[in-house]
Amino acid sequence: MSKPLYVFDMDETLVNGDAAMMWNEFLVEKGIASDASFVEEDQRLMGLYTQGKLDMEDYLTFAMQPLGDMTTQQVNPLVEECVDTKVLPNLFKQTLPLIEQLKRDEIDMLIISASVTFLVEVVGRKLGIPEALGIDLVEKQGRYTSKIEGVPSYREGKVTRLEQWIAAQPATYSEIHFYTDSINDLSLCEYADYAYLVNPCPRLKALADRPNWQILNWD
């Protein structure tokens, strides 16, 4: 029996915006990130991400610095608040109807994102997609560090993480459908059987004339 798997990037794909940037703005609003240049540096680094040039270790060293003195038990409620107040109000209007339809059809879904796991898992849970992969961080003395644990779900690493996840599932999937906006996900687009490019960045859009690739204009 045919059993497809639907895989979603998160930022600029399900969410009309970048959840990691929303999180960092939230930290500034809460006074947790107090460096005056924090948002400016975040924007600079995310510009590199858009170009496919971001060094993920450099980004995480920067992004996790404000949380250095906070325990995971202090951080996690803030993540819940941020997702509720910043992320969910900025979903594309096509996001929830698609997820609900896939649920009705009993189709398995997975989010795989280059944002950190503690953020991706909350977004996934609130969207009704319990399976969510992000960049796992080493925890030390009850705190999140900026050190990556395992393979980061970024660029080619997304394919590796997806293969690892599939290998651990009891189901056998007949085809993979993947939604993304970003050139960083080119490897996973090529790995999937079907790719759906949601408002794709110019570099990805330029490559879209391929069998089983479709451009979606979401708002």
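Scroll up a little and you will see the structure.
What you see is a predicted model; the values in this text were computed from it and never measured. (Residues numbered from 1 in each chain as written. Predicted model: local features only at pLDDT ≥ 70, side-chain atom pairs only at ≥ 80, totals over all residues. Heavy atoms only, no water.)

Chemist: Describe in detail the pattern of salt bridges, supporting the description with residues and values.
Modeler: Note that side chains of opposite charge can pair when their charged atoms are close. Counted according to the given criterion, the structure contains 14 salt bridges. Where Lys126 meets Glu80, a salt bridge forms, and the shortest distance between an N and an O atom there is 3.2 Å. Within this pair, whereas Lys126 is found in helix H6 (residues 117–127), its partner Glu80 is found in helix H4 (residues 72–87), the two being separated by 46 residues in sequence. When the shortest N-O distance is used, the salt bridge between Asp84 and Lys126 registers 3.1 Å. Separated by 42 residues along the polypeptide, Asp84 in helix H4 and Lys126 in helix H6 bring together distant segments of the chain. Overall, Lys126 belongs to the partly exposed group, its relative accessible area being 29%. Salt bridges here are not isolated pairs; linked through shared partners, they connect Glu80, Asp84, Arg125 and Lys126. (Salt bridge = Lys/Arg side-chain N within 4 Å of Asp/Glu carboxyl O. Helix = DSSP H or I, 4+ residues; strand = E, 2+ residues; numbered from the N terminus. Buried < 20%, exposed > 50% of the residue type's maximum accessible area, 1.4 Å probe, protein only.)

Chemist: So what about the layout of surface pockets? Which residues, and what values?
Modeler: Within this model, the largest pocket holds a volume of roughly 410 Å³. In terms of lining residues, the largest pocket is bounded by 27 residues, among which Asp11, Asp18, Ala20, Met46 and Tyr49 are the most central. Grouping the amino acids of the lining of the largest pocket by side-chain chemistry returns 16 nonpolar, 6 polar and 5 charged. Estimates place the volume of the second largest pocket at around 180 Å³. The wall of the second largest pocket is formed by 13 residues, among which Thr117, Phe118, Glu121, Glu139 and Tyr144 lie closest to the centre. Of all the secondary structure elements, the ones that give two or more residues to the lining of the second largest pocket are H4, H6 and strand E4 (137–140). For the lining of the second largest pocket, the residue count by class is 7 nonpolar, 2 polar and 4 charged. (1 Å grid on protein atoms, 1.4 Å probe; cavity = no way out; pocket = protein on both sides within 12 Å on 5 of 7 lines; lining within 4 Å. Points joined across faces, edges and corners; volume = space filled by probe spheres on them. Nonpolar A, V, L, I, M, F, W, Y, C, P; charged D, E, K, R; others polar.)

Chemist: Could you give me a rundown of the sheet that holds strand E1 (residues 4–8), with the residues and numbers involved?
Modeler: Pairing in this open sheet of 6 strands is parallel, and the strands run E3-E2-E1-E6-E7-E8 from one edge to the other. The sheet is open, and its two edges are formed by strand E3 (132–135) and strand E8 (213–216), each paired on a single side. Going across the sheet, the axis of each strand differs from the next one's by a mean of 20°, ignoring polarity. Direction of pairing for strand E7 (residues 194–198) relative to E8: parallel, over a ladder of 4 bridges. By the bridge assignment, Leu197 is partnered in E8 with Ile215. In the packing of H6 onto the sheet, contacts are made with strand E2 (108–116) and E3, and the angle to E2 comes to roughly 150°. (Pairing = 2+ DSSP bridges. Axes fitted to C-alpha atoms, helices over the stretch in contact; angles between N-to-C directions. Contact = heavy atoms within 4.5 Å.)

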